[in-house]
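Residue strings, one per chain:
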Amino acid sequence: MTARAPHRRPPRVELYERIVAAIHDGTFPPGSVLPSEPALAGELGVSRPALREVLILLQEDGVITRKHGVGSRVSHQLPPRGLERLSPVEALLDTQHVHGRRLAASRDMPTDFSAHHLRLSGSDSTWFWETLLSADGVPACFAHEWAVDDTMLAEVVPEGPELLDGAAGASGVEAGDRSMSAVLLAATDAPLTGRSTVGATVLGEERGTAMGRPAQTPATLVTQVVSWGSQPVFAAKYLYPAGAPLLHVRQRR
């Protein structure tokens, strides 16, 4: 058996976490001004373009503020550790007994939804998964999920293309399949952020049949886009029919 190469995080992730660790250990306390970009790049042993990219991400996450002519200042109120971490869709179902059944796993041309949210052109390809999740034996969530192409995905989730390709090449359907969000989030330490919207719809014929429910069953539609900095990585539509187990959402503090 060939030994598996150790998981290596993208350099941007490591630099981001080094700066955050320095803030939390008091090297750069809240309210302090960071050294100039040339000085900080020299201290960290990185290039100025790499540092500048990570400083932008830190600003987007609320860790620092930046003003032209002033420089970068550590925020007085830091976001708690882990704020940028996401949970897989399975964790939203208010039960410990969640099982999945993958209905489709393939590489497809972008849909209107995935092209828009992942900023793809018509010639790009995306990974697509369709998974039915059940909670305590009751169909609870219909998941449609898309990921960017291999080159971009590998920057954030080095093992991502291999993981998605393995599922696409699998034959048959196995109990215990996980959502794409669960698979990708478990394989990366990158500081990803998510943006979600909630709406109302009905199941429709195909999804109603898969869930054993009438086509006109009301459903909550959650759309989500997960990004690394300003780059979208994967997008999803999650459909929760009326009568399914409640969604369990914790307020951020």
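Let me begin by describing the structure that accompanies this report. (Residues numbered from 1 in each chain as written. Predicted model: local features only at pLDDT ≥ 70, side-chain atom pairs only at ≥ 80, totals over all residues. Heavy atoms only, no water.)

**Here we look at the packing of aromatic side chains**
Move 1: Using the criterion set out here, one finds two aromatic pairs in the structure.
Move 2: Taking the centre distance of 5.1 Å and the plane angle of 45 degrees together, the rings of F113 and W146 count as tilted. With F113 in helix α4 (residues 112-118) and W146 in strand β5 (residues 138-147), this pair connects stretches of sequence that are 33 residues apart.
Move 3: For the pair F128 and W146, a centre-to-centre distance of 5.3 Å together with 40 degrees between the ring planes defines the contact as tilted. Taken together, the positions of F128 in strand β4 (residues 126-135) and W146 in strand β5 put the pair 18 residues apart, joining distant regions of the chain.
Move 4: Classification of W146 as buried rests on a relative accessible area of 6%.
Move 5: Ring pairing ties together the aromatic residues F113, F128 and W146, which thus form one cluster. (Phe/Tyr/Trp six-rings, centres within 6.5 Å; stacked < 30°, edge-to-face > 60°. Helix = DSSP H or I, 4+ residues; strand = E, 2+ residues; numbered from the N terminus. Buried < 20%, exposed > 50% of the residue type's maximum accessible area, 1.4 Å probe, protein only.)

**Overview of helix α2 (residues 37-44)**
Move 1: Taken residue by residue, α2 has E37, L40, A41 and L44 as its buried positions. When α2 is viewed along its axis, its buried side chains cluster within an angular range of 100 degrees and face the same direction. The outward face of α2, more than 90 degrees from its buried face, is lined by the exposed residues G42 and E43.
Move 2: Among the structural elements, α1 (11-24), α3 (48-60) and β1 (64-67) are those in contact with the buried residues of α2.
Move 3: Where α2 terminates, the next one or two residues include G45, which has phi positive at roughly 70 degrees. (Arc of directions from axis to C-beta. Contact = heavy atoms within 4.5 Å.)

**Digging into the sheet that holds strand β8 (residues 231-241)**
Move 1: If you walk across this open sheet you meet the six strands as β3-β4-β5-β8-β7-β6, and the pairing is antiparallel. Every interior strand has two partners, whereas the edge strands, β3 (98-108) and β6 (193-202), have only one. Neighbour-to-neighbour, the strand axes of the sheet open up by a mean angle of 15 degrees, direction not taken into account.
Move 2: In terms of strand pairing, β4 meets β5 through nine bridges, oriented antiparallel. Bridging from a neighbouring strand, L133 pairs with C141 of β5. (Pairing = 2+ DSSP bridges. Axes fitted to C-alpha atoms, helices over the stretch in contact; angles between N-to-C directions.)

**A look at the environment of E60**
Move 1: Structurally, E60 is set in helix α3.
Move 2: Residues E60 and G229, spaced 169 residues apart in sequence, show a C-alpha to C-alpha distance of 7.5 Å.
Move 3: The contact partners of E60, leaving out residues within four places of it in the chain, are G229 and S230.

**Remarks on α1**
Move 1: End to end, α1 covers 20 Å across 14 residues, agreeing with the expected 20 Å (1.5 Å per residue, within 8%).
Move 2: Along α1, the positions that sit buried rather than exposed are R12, V13, L15, Y16, I19, V20, A22 and I23.
Move 3: Those residues of α1 that are buried lie in contact with α2, α3, β2 (71-74), α5 (150-156) and β7 (218-228).
Move 4: Phi turns positive, to about 95 degrees, at G26, one or two residues after α1. (Expected span 1.5 Å × (residues − 1).)

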